[in-house]
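The chain contents come next:
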Amino acid sequence: TCLPALRRRCDVAGKRLAGTGLATEGRVLRAVLYVYHSRLLRHRSYLRLQQVEQCLKRLWKMNLVGCIETLAGLIPKKNTSQAHAECLVPSQPMLETVALKVLGGCKLILRLLDCCCKAFLLSVKHLCSGEFILLNTVASGLLSRLWFVIQHRCVLQSLISLYGVLSTSLHLVSETQQMPYIKGFTFPSDISNFLGVNVSSEVKKQKARMPTTKKTTSWLKKLFPTMPEAVSEVGRKRNVATCTSAVKNCSVPCPADIGEPVL
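Since the structure is predicted, the reported quantities are computational estimates derived from the model, not experimental observations.

**Structural notes on the overall build of the protein chain**
When its secondary structure is counted, the protein chain shows 11 helices and 0 strands. Reading the protein chain from its N terminus to its C terminus gives the helix and strand order α-α-α-α-α-α-α-α-α-α-α. When burial is assessed residue by residue, the protein chain has 38% of its 263 residues classed as buried. Approximately 16,100 Å² of the protein chain is accessible, and the part contributed by carbon and sulfur atoms is 58%.

**Looking at the nonpolar core**
Within the largest apolar cluster, 64 residues are counted, with the highest numbers of intra-cluster contacts made by V52, I68, V102, L159 and L166. Within the residue set of this core, elements represented by two or more residues are α1 (2–17), α2 (20–35), α3 (44–61), α4 (64–74), α5 (92–128), α6 (133–152), α7 (155–176) and α8 (191–195). With 17 residues, the single largest contributor to this core is α5. When neighbours within four sequence positions are excluded, V52 is seen to be in contact with L29, L112, C115, C116, A119, L143 and L146.

**Brief notes about unusual backbone geometry**
With a phi angle near 55°, N63 is a residue other than glycine that sits in the positive phi range. In this fold, N63 is placed in the loop between α3 and α4.

**A word on the pattern of salt bridges**
Scanning the entire structure with this criterion turns up 4 salt bridges. Close ionic contact of R145 with E25 constitutes a salt bridge, the shortest N to O distance being 3.1 Å. Pair noted here: R145 is in helix α6 and E25 is in helix α2, with a separation of 120 residues, a long-range link. Classification of E25 as buried rests on a relative accessible area of 9%. The partner of D114 in a salt bridge is K118, with the nearest N and O atoms 3.2 Å apart.

**Considering the environment of D11**
Within the element layout of this structure, D11 appears in helix α1. Looking at D11, the relative accessible area reads 33%, which means it is partly exposed. Through-space distance from the C-alpha of D11 to that of V65 is 9.9 Å; in sequence the pair is 54 residues apart.

**With respect to the packing of α1 against α7**
Packing of α1 against α7 brings their axes to within 9 Å, and their N-to-C directions diverge by 150°. With respect to their mutual orientation, α1 and α7 come out roughly antiparallel. The handedness of the crossing between α1 and α7 is left-handed. Contacts between α1 and α7 involve C2, A5, L6, R9, C10, V12, A13, R16 and L17 from the former and V155, S158, L159, S161, L162, V165, L166, T168, S169 and L172 from the latter. Considering only residue class, the contact of α1 with α7 consists of 13 nonpolar, 4 polar and 2 charged.

**What about the state of the cysteines?**
Two cysteines, two sulfur atoms, one covalent bond between them: this is a disulfide. For the structure on display, the rule yields 0 disulfides. The thiol of C55 is not disulfide-bonded; the next cysteine sulfur, from C115, is found 4.2 Å away. Judged by its relative accessible area of 5%, C55 is buried.

**What about the confidence of the model for the protein chain?**
Averaged over every residue, the pLDDT of the protein chain is 76; the share at 70 or more is 72%. Per-residue pLDDT stays below 50 along residues 213–217; that stretch engages in 4 contacts with residues further than four places along the chain or on separate chains. Below a pLDDT of 50 lies the segment residues 246–258, which in the model reaches 11 contacts outside its immediate sequence neighbourhood of four places, other chains included.

**Brief notes about α7**
An α-helix turns once every 3.6 residues. As a result, residues three or four positions apart point the same way. Over its 22 residues, α7 runs 32 Å from end to end, which matches the ideal 32 Å to within 8%, given 1.5 Å per residue. Of the positions making up α7, those classed as buried are V155, L156, S158, L159, L162, Y163, V165, L166, S169, L170, V173 and S174.

**Concerning α2**
In a regular helix each residue adds 1.5 Å, so 16 residues correspond to 22 Å; α2 covers 23 Å between its end C-alpha atoms and thus fits that length. In this structure, the buried side of α2 is in contact with α1, α3 and α6.

**Some words on the environment of G14**
Residue placement: G14 occurs in helix α1. Separated by 58 residues in sequence, G14 and A72 place their C-alpha atoms 9.4 Å apart. Setting aside chain neighbours within four positions, we find G14 in contact with V65 and I68.

About the thresholds
Residues numbered from 1 in each chain as written. Predicted model: local features only at pLDDT ≥ 70, side-chain atom pairs only at ≥ 80, totals over all residues. Heavy atoms only, no water. Helix = DSSP H or I, 4+ residues; strand = E, 2+ residues; numbered from the N terminus. Buried < 20%, exposed > 50% of the residue type's maximum accessible area, 1.4 Å probe, protein only. Areas by Shrake-Rupley, 256 points an atom, 1.4 Å probe, with all protein chains shown as cover. Core = buried A, V, L, I, M, F, W, Y, C linked by side-chain atoms within 4.5 Å. Contact = heavy atoms within 4.5 Å. Salt bridge = Lys/Arg side-chain N within 4 Å of Asp/Glu carboxyl O. Axes fitted to C-alpha atoms, helices over the stretch in contact; angles between N-to-C directions. Parallel < 35°, antiparallel > 145°, perpendicular 65-115°, else oblique. Left-handed = near helix turned anticlockwise from the far one by under 90°. Nonpolar A, V, L, I, M, F, W, Y, C, P; charged D, E, K, R; others polar. Disulfide = S-S within 2.5 Å. pLDDT = per-residue confidence, 0-100. Expected span 1.5 Å × (residues − 1).

Following this line, the structure appears as structure tokens:
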């Protein structure tokens, strides 16, 4: 009875991990880090972005998606219990390998969410200080999208559900025939105790830490103060004329970034 549920959980977790959102945001993040590597190597926002990129790299290096798909391919599609026939089930070493990778993947995703939250708050802080505005604007948008992709697609929740069915299947298979593959490690029956945090409460804490734009003194209004319509219209025309003349007379390349570093 566990085999159909295990196959469904594998399909759901594999599709959510292999979605285009994580891969796309990862490529954009690597491109941003590559562009700013020589100029902002010791900048705090850049270092935080590097931590996020390291978590993503380790998550892909695990080949968790391929391992889950391999396990799903070993599960028979037909419900053989109704036909009173024997069927092949995944072995204990295979179940232990996938379970161990799922545990590591959950740890990495929790670390990734925490790094995204810290890097986003640091980017907003530097934006309010007027430091490296271009980089921090791109970083804040990128990190918020990455955080939203993980939460919206319920990547972590799907892995936790998969481990629950994996733990039950592993217990039943090990009772049938003892073939331990990973020694010196006890697989936890409750993944919440292994992770050390309650996933739902942790997500709520991270959402509470994120700045909201409902307040009148938001960071966007501090960075871009509002102006009267007449004044803004005059300033817009003046800026357009200045930029046009500057482009015509410009003989040197444009600066790489705007804003000045705060010492």
